[in-house]
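# Topology and contacts: notes
Spelled out, the chains give:
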Amino acid sequence: GAVVSQHPSWVICKSGTSVKIECRSLDFQATTMFWYRQFPKQSLMLMATSNEGSKATYEQGVEKDKFLINHASLTLSTLTVTSAHPEDSSFYICSARDYRGRPTDTQYFGPGTRLTVL
Amino acid sequence: AQKVTQAQTEISVVEKEDVTLDCVYETRDTTYYLFWYKQPPSGELVFLIRRNSFDEQNEISGRYSWNFQKSTSSFNFTITASQVVDSAVYFCALSGLGGSNYKLTFGKGTLLTVNP
């Protein structure tokens, strides 16, 4: 299957700092990438849809200025958590849509980034 | 709005037992995709299967099998002869086709523990 990487896999930062998370599709071009957030023992909640070359579409309740998303190329999307606070601590997962025509239209997930804000 | 219900929060079985994970969905779309993903303790989601709504054939892949019943809006997942390595959280998910409809809606997941 398709491979999606995330970097870093974990990060610990001080409150007030900004953290950037990268999501890369390694063996396919992804015009659309998705960012999810997962709290312990809970399901994945979609934060935003990132389209290459255009602005991200955020889900209701997700602060655009807090979670900056950039999708500068067909293989890279970045999520920046600005002025992070302890409540932003979570597991962030990206996915990339591998669309090379049906039936391969499937989302593949990165390994996730565990963010801890002290 | 789309909704996925996984009523079983946790299931515990003994190795070699068969286990079925239930998934019921709601959607107004006439065409859609259904998925199952596995999330082991490492956290990475592993894609298991995608099913189109217009294809109701059941599928078997090794010890895994899926039963898609459009009449009852269910897409259940069975593991035959379970193994300890099957222990993970399993998510059922639903998406529409095309554009913004492609967003995945996840169920809350079922934690499967397979004991030796």
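Everything in this summary refers to the structure shown in the same document.

Conventions we followed
- Residues numbered from 1 in each chain as written.
- Chains lettered and ligands numbered in written order.
- Predicted model: local features only at pLDDT ≥ 70, side-chain atom pairs only at ≥ 80, totals over all residues.
- Heavy atoms only, no water.
- Helix = DSSP H or I, 4+ residues; strand = E, 2+ residues; numbered from the N terminus.
- Rg over C-alpha atoms; globule rule 2.2 N^0.38 Å.
- Buried < 20%, exposed > 50% of the residue type's maximum accessible area, 1.4 Å probe, protein only.
- Areas by Shrake-Rupley, 256 points an atom, 1.4 Å probe, with all protein chains shown as cover.
- Lys, Arg positive; Asp, Glu negative; His and termini not counted.
- Charge placed at Lys NZ, Arg CZ, Asp CG, Glu CD.
- Disulfide = S-S within 2.5 Å.
- Pairing = 2+ DSSP bridges.
- Axes fitted to C-alpha atoms, helices over the stretch in contact; angles between N-to-C directions.
- Phe/Tyr/Trp six-rings, centres within 6.5 Å; stacked < 30°, edge-to-face > 60°.
- Lys NZ or Arg CZ within 6 Å of the ring centre and 35° of its normal.
- Contact = heavy atoms within 4.5 Å.
- Buried area = accessible area lost by both parts, 1.4 Å probe.
- Salt bridge = Lys/Arg side-chain N within 4 Å of Asp/Glu carboxyl O.
- Polar contact = N/O pair within 3.5 Å; in protein donor to acceptor, adjacent residues only side chain to side chain.
- Core = buried A, V, L, I, M, F, W, Y, C linked by side-chain atoms within 4.5 Å.

Our focus in this paragraph is the overall build of chain A. Along chain A, the regular secondary structure elements total zero helices and eleven strands. Ordered by position from N to C terminus, the α and β elements of chain A give β-β-β-β-β-β-β-β-β-β-β. Relative to the 2.2 N^0.38 estimate, which gives 13 Å for 118 residues, the radius of gyration of chain A is 14 Å and therefore close to what a compact globule would have. With respect to the three principal axes, the spread of C-alpha positions in chain A is 45 × 25 × 20 Å. A total of 118 residues make up chain A; the buried ones form 53% of that total. Put simply, chain A shows about 5900 Å² of open surface, and 53% of that area lies on carbon and sulfur atoms. Each charge class in chain A was averaged separately, 12 positive and 10 negative side chains, and the resulting centres sit 3 Å apart.

Further remarks concern the environment of alanine 56 of chain A. By the element assignment, alanine 56 of chain A lies in the loop between strand 5 (44-51) and strand 6 (57-58). By relative accessible area, alanine 56 of chain A is classed as buried at 17%.

Attention shifts here to the state of the cysteines. Summed over the entire model, instances satisfying the criterion amount to two disulfides over all chains. Take cysteine 13 of chain A: it sits in no disulfide, and the sulfur closest to it among the cysteines is that of cysteine 94 of chain A, at 18 Å.

Bringing the sheet that holds strand 8 (residues 76-81) of chain A into the picture now. All names here are of chain A. Pairing in this open sheet of four strands is antiparallel, and the strands run 1-3-8-7 from one edge to the other. Pairing within the sheet leaves two strands with one partner each, and these edge strands are strand 1 (4-7) and strand 7 (67-73). Taken pair by pair, the neighbouring strands of this sheet meet at an average axis angle of 15 degrees, ignoring direction. Summarising the sheet, strand 3 (residues 19-25) and strand 8 pair through six bridges and their orientation is antiparallel. What sits directly across from lysine 20, in strand 8, is threonine 80.

Next up on the list: the packing of aromatic side chains. Counted under the stated rule, the structure contains 21 aromatic pairs over all chains. Each ring, one from tyrosine 37 of chain B and one from phenylalanine 47 of chain B, has its centre 5.9 Å from the other, and the planes form 65 degrees; the classification is edge-to-face. With tyrosine 37 of chain B in strand 5 (residues 33-39) and phenylalanine 47 of chain B in strand 6 (residues 46-52), this residue pair connects regions lying ten residues apart in the sequence. On the accessibility criterion, tyrosine 37 of chain B (0% relative accessible area) is buried. Within the aromatic cluster, the residues linked to one another by ring pairs are Phe28, Tyr36, Tyr108 and Phe109 of chain A together with Tyr33, Phe35, Tyr37, Phe47, Phe91 and Phe106 of chain B. When the ring centre of tyrosine 33 of chain B is taken as origin, the NZ or CZ atom of arginine 50 of chain B, which lies over that ring, is 4.4 Å away.

If you look at the interface, chain A gives 22 residues, while chain B gives 17 residues. Roughly 1600 Å² of surface becomes buried between chain A and chain B when both sides are summed, with 55% attributable to carbon and sulfur atoms. There are one salt bridge connecting chain A and chain B. Summed over the shared surface of chain A and chain B, the number is four residue pairs in polar contact (both at pLDDT 80 or more). Secondary-structure elements contributing two or more residues to the side of chain A that touches chain B are strand 4 (32-38), strand 5, strand 9 (90-98) and strand 10 (106-109) of chain A.

For the rest of this paragraph, the subject is the pairing of strand 7 of chain A. Residues and elements named next belong to chain A. Relative to strand 8, strand 7 runs antiparallel, the two being bridged by five bridges. Opposite phenylalanine 67, over in strand 8, you have valine 81 as the bridge partner. Hairpin connection of strand 7 to strand 8: two residues between the antiparallel strands.

Our focus in this paragraph is the nonpolar core. Phe67 and Leu115 of chain A are the most contacted members of the largest nonpolar core, which has 26 residues in total. Among the elements of the structure, strand 2 (10-13), strand 3, strand 4, strand 5, strand 7, strand 8, strand 9 and strand 11 (113-117) of chain A are those that each provide at least two residues to this core. If sequence neighbours within four positions are ignored, leucine 115 of chain A has contacts with Val11, Cys13, Val19, Val81, Asp88, Ser89, Ser90 and Tyr92 of chain A. In this structure, Ile11, Val13, Tyr32 and Leu94 of chain B belong to the second largest nonpolar core, which totals 24 residues.

Limitation: the analysis is restricted to geometry and does not speak to function.
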